[in-house]
Amino acid sequence: VQLQAFGGGLVQAGGCLRLSCAASGLTFSNYHMGWFRQAAGKEREFVTAVSASGGGTYYPDSVKGRFTISRDNAKNTVYLQMNSLKPEDTAVYYCAADFAGRVSPSRFPAQYEYWGQGTQVTVSS
């Protein structure tokens with residue numbers, strides 16, 4: 001199984017970025033997909049998740065209204081559109097796959113079976 005995340009970079013506050021995560025080696029439509037982030041010196045944090053079917057999306061208050069997750073099961077890819085970026089969004093962003101044994105995806109990193117390598121997002125003030 002391989003998850004490859006890309007699309008990170010340096011952006012000014014208020015700007016936007018779109019991350020992508022391409023999955024291979026698994027039946028993509030059987031997995032909930034999530035994005036997490038980890039800033040320097042901090043724990044990994046839940047950013048968003050989408051159910052295996054794409055019918056349910058979940059966001060914490062910190063990104064609600066600014067970030068949008070979507071998936072294309074035909075392309076085995078999940079996306080994270082990030083708008084109105086803030087300096088506190090600076091982190092390494094990881095995509096992860098959670099086998100859809102539950103109805104909804106988890107917010108907890110430990111329940112995700114597979115992880116991508118991470119992509120750096122830096123937001124300057």
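Structure first, text after, so check above.
Quick summary incoming for the structure in this document. Just so we're clear, the structure is a prediction, and the values are computed from it rather than from any experiment.

### What about the overall build of the protein?
Turning to step 1, where the next piece is worked out: In terms of regular secondary structure, the protein is built from zero helices and eleven strands.
Turning to step 2, where the next piece is worked out: Here the C-alpha atoms of the protein give a radius of gyration of 13 Å, agreeing with the 14 Å that 2.2 N^0.38 yields for 125 residues.
Turning to step 3, where the next piece is worked out: In terms of principal-axis extent, the alpha carbons of the protein reach across some 40 × 25 × 25 Å.
Turning to step 4, where the next piece is worked out: Here the protein holds 125 residues, and the buried ones make up 44% of them.
Turning to step 5, where the next piece is worked out: For the protein, long-range pairs separated by at least 24 residues make up 59% of all intrachain contacts whose partners lie at least 6 apart in sequence.
Turning to step 6, where the next piece is worked out: If you sum the accessible surface of the protein, you get close to 6100 Å²; carbon and sulfur atoms cover 49% of it.
Turning to step 7, where the next piece is worked out: If you average the places of the 11 positive and of the 8 negative side-chain charges in the protein, the two averages end up 4 Å apart.

### Looking at unusual backbone geometry
Turning to step 1, where the next piece is worked out: Backbone geometry at N76 places phi at a positive 50°, although glycine is not the residue there.
Turning to step 2, where the next piece is worked out: Mapped onto the elements, N76 comes out in the loop between β7 (67-72) and β8 (77-82).
Turning to step 3, where the next piece is worked out: Phi is positive for S84, close to 50°, though the residue is something other than glycine.
Turning to step 4, where the next piece is worked out: As for its position among the elements, S84 is in the loop between β8 and β9 (91-99).
Turning to step 5, where the next piece is worked out: For S84, a relative accessible area of 41% puts it in the partly exposed group.

The rules behind the values
Residues numbered from 1 in each chain as written. Predicted model: local features only at pLDDT ≥ 70, side-chain atom pairs only at ≥ 80, totals over all residues. Heavy atoms only, no water. Helix = DSSP H or I, 4+ residues; strand = E, 2+ residues; numbered from the N terminus. Rg over C-alpha atoms; globule rule 2.2 N^0.38 Å. Buried < 20%, exposed > 50% of the residue type's maximum accessible area, 1.4 Å probe, protein only. Contact = heavy atoms within 4.5 Å. Areas by Shrake-Rupley, 256 points an atom, 1.4 Å probe, with all protein chains shown as cover. Lys, Arg positive; Asp, Glu negative; His and termini not counted. Charge placed at Lys NZ, Arg CZ, Asp CG, Glu CD.

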